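If you want the building blocks of each chain, they are given just below.
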Amino acid sequence: MARSDTKIDSAPSVREPGPGDALVIVDMQNDFMPGGALGVPHADEIIPLLRSCAGVFARRGLPVYATRDWHPANHCSFRAQGGPWPPHCIADTPGAQFAPGLDLPASTAVISKATQAEQEAYSGFEGTDLERRLRAAGVRRLFVGGVATDYCVLATVRDARRLGFDVVLLEDAVRAVNVAPNDEQKALGAMRELGVQTVRSAELAAA
Ligand code: VGL
Ligand code: ZN
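Parameters at a glance
- Residues numbered from 1 in each chain as written.
- Chains lettered and ligands numbered in written order.
- Predicted model: local features only at pLDDT ≥ 70, side-chain atom pairs only at ≥ 80, totals over all residues.
- Heavy atoms only, no water.
- Salt bridge = Lys/Arg side-chain N within 4 Å of Asp/Glu carboxyl O.
- Helix = DSSP H or I, 4+ residues; strand = E, 2+ residues; numbered from the N terminus.
- Near = heavy atom within 4 Å.
- Polar contact = N/O pair within 3.5 Å; in protein donor to acceptor, adjacent residues only side chain to side chain.
- Areas by Shrake-Rupley, 256 points an atom, 1.4 Å probe, with all protein chains shown as cover.
- Nonpolar A, V, L, I, M, F, W, Y, C, P; charged D, E, K, R; others polar.
- Buried < 20%, exposed > 50% of the residue type's maximum accessible area, 1.4 Å probe, protein only.
- Contact = heavy atoms within 4.5 Å.
- Pairing = 2+ DSSP bridges.
- Axes fitted to C-alpha atoms, helices over the stretch in contact; angles between N-to-C directions.
- Donors = N, O, S within 2.8 Å, 3.2 Å for Na, K, Ca; no water.
- Tetrahedral: all angles 85-135°; square planar, octahedral: opposite > 155°, others 65-115°.

### Focus: the pattern of salt bridges
Right, so step 1: For the structure on display, the rule yields 10 salt bridges.
Right, so step 2: Where Lys-113 meets Asp-69, a salt bridge forms, and the shortest distance between an N and an O atom there is 2.9 Å. With Lys-113 in strand S3 (residues 109-113) and Asp-69 in strand S2 (residues 64-69), this residue pair connects regions lying 44 residues apart in the sequence.
Right, so step 3: Between Asp-129 and Arg-132 there is a salt bridge, with the nearest N and O atoms lying 3.2 Å from each other.

### Observations concerning the site of ligand 1
Right, so step 1: The immediate surroundings of ligand 1 are formed by Asp-27, Phe-32, Leu-38, Asp-69, Trp-85, His-88, Tyr-122, Val-147, Ala-148, Tyr-151 and Cys-152.
Right, so step 2: One of the backbone N or O atoms of Ala-148 is found 3.1 Å from an oxygen atom in ligand 1.
Right, so step 3: Cys-152 is positioned such that a nitrogen or oxygen atom in its backbone is 3.0 Å from an oxygen atom of ligand 1.
Right, so step 4: The protein chains hide 99% of the 260 Å² of surface that ligand 1 would expose on its own.
Right, so step 5: When the residues that make up the shell around ligand 1 are grouped by side-chain class, the tally is 8 nonpolar, 1 polar and 2 charged.

### Looking at the side chain of His-88
Right, so step 1: Considering the arrangement of structural elements, one finds His-88 in the loop between S2 and S3.
Right, so step 2: Taking the relative accessible area as the measure of exposure, His-88 reaches 2% and is therefore buried.
Right, so step 3: A polar contact is formed between the side chain of His-88 and the side chain of Asp-69, at a distance of 3.0 Å.
Right, so step 4: In terms of polar contacts, His-88 uses its side chain to reach the side chain of His-71, at 3.1 Å.
Right, so step 5: In contact with His-88, other than residues within four places in its own chain, are Asp-31, Phe-32, Ala-37, Leu-38, Asp-69, His-71, Ser-77 and Phe-78.

### What about the side chain of Ser-123?
Right, so step 1: Tracing the sequence through the fold places Ser-123 in the loop between S3 and helix H2 (130-136).
Right, so step 2: Of the residues examined, Ser-123 reaches a relative accessible area of 1% and is grouped as buried.
Right, so step 3: There is a polar contact of 2.6 Å between the side chain of Ser-123 and the side chain of Asp-159.
Right, so step 4: When neighbours within four sequence positions are excluded, Ser-123 is seen to be in contact with Lys-113, Ala-155, Thr-156 and Asp-159.

### Overview of the sheet that holds S2
Right, so step 1: Judged by pairing direction, the sheet is parallel, and its 6 strands sit side by side in the order S3-S2-S1-S4-S5-S6 without closing on themselves. Where the open sheet ends on each side, the last strands, each with one partner, are S3 and strand S6 (197-199). Neighbour to neighbour, the strand axes of the sheet diverge by 25 degrees on average, direction disregarded.
Right, so step 2: Set on the sheet, helix H1 (residues 47-59) makes contact with strand S1 (21-26), S2, strand S4 (141-147) and strand S5 (166-175); between it and S1 the angle comes to about 155 degrees.

### A closer look at the coordination of the zinc ion (ligand 2)
Right, so step 1: For the zinc ion (ligand 2), the full set of protein donor atoms is Asp-69 (OD), His-71 (NE2) and His-88 (NE2), at a range of 1.9 to 2.2 Å.
Right, so step 2: With 4 donor atoms in place around the zinc ion (ligand 2) and angles of 86 to 170 degrees between them, the coordination shape is irregular.
Right, so step 3: Each donor residue of the zinc ion (ligand 2) belongs to the same chain, and together they define the spacing D-x1-H-x16-H.
Right, so step 4: By relative accessible area, Asp-69 is classed as buried at 3%.
Right, so step 5: Assessed through its relative accessible area of 1%, His-71 is described here as buried.

Have a look at this one:
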């Protein structure tokens with residue numbers, strides 16, 4: 001067989017989600033949108049991208065998971081308790097609701113995290129049943145987008161890789177807090193080192 005005919009791409013394509021794939025949308029909540037209690041710059045720009053990705057997965061019958069920060073009012077990550085953050089994503093408040101326009105498919109599984117006062121959880125796997133649910137659904141590969149690249153997205157991707165899931169980052173559908181100006185680049189570099197693949201949301205949606 002001529003070299004150009006060699007099938008080198010036997011792994012599932014990053015552009016074509018199929019059986020074994022799931023979408024994980026991280027923390028797309030009002031308090032993380034610009035103007036919110038812990039606004040992530042430009043986070044609103046990725047709402048339509050994630051909406052269209054969720055549509056692609058739902059139309060293909062593939063599972064969609066949406067994590068959310070779901071804190072009690074006295075959460076340990078809040079400054080009043082000595083934590084680094086202003087109060088945000090307090091359970092059952094408007095700030096904790098998913099951003100309008102995200103239009104999550106009805107089948108979306110919602111994963112609440114950091115729900116206990118003394119427990120911080122940046123990763124969607126930490127203290128949740130996300131791993132169990134993914135395994136039960138036969139998921140092997142996660143497409144991940146949302147906020148914040150340098151906190152909850154990174155932590156979720158790290159845990160996913162540690163647990164043996166393949167990960168494809170929706171590279172244009174993530175936004176960073178950038179407490180330090182290069183935190184986003186550091187997070188993207190760390191994910192690359194973890195063997196994370198990337199795809200642009202429009203490539204996926206066009207498939
Ligand atoms: C997050 C800071 C505090 C996040 C959550 O979703 O990335 N960041 N809580
Ligand atoms: Zn939080």
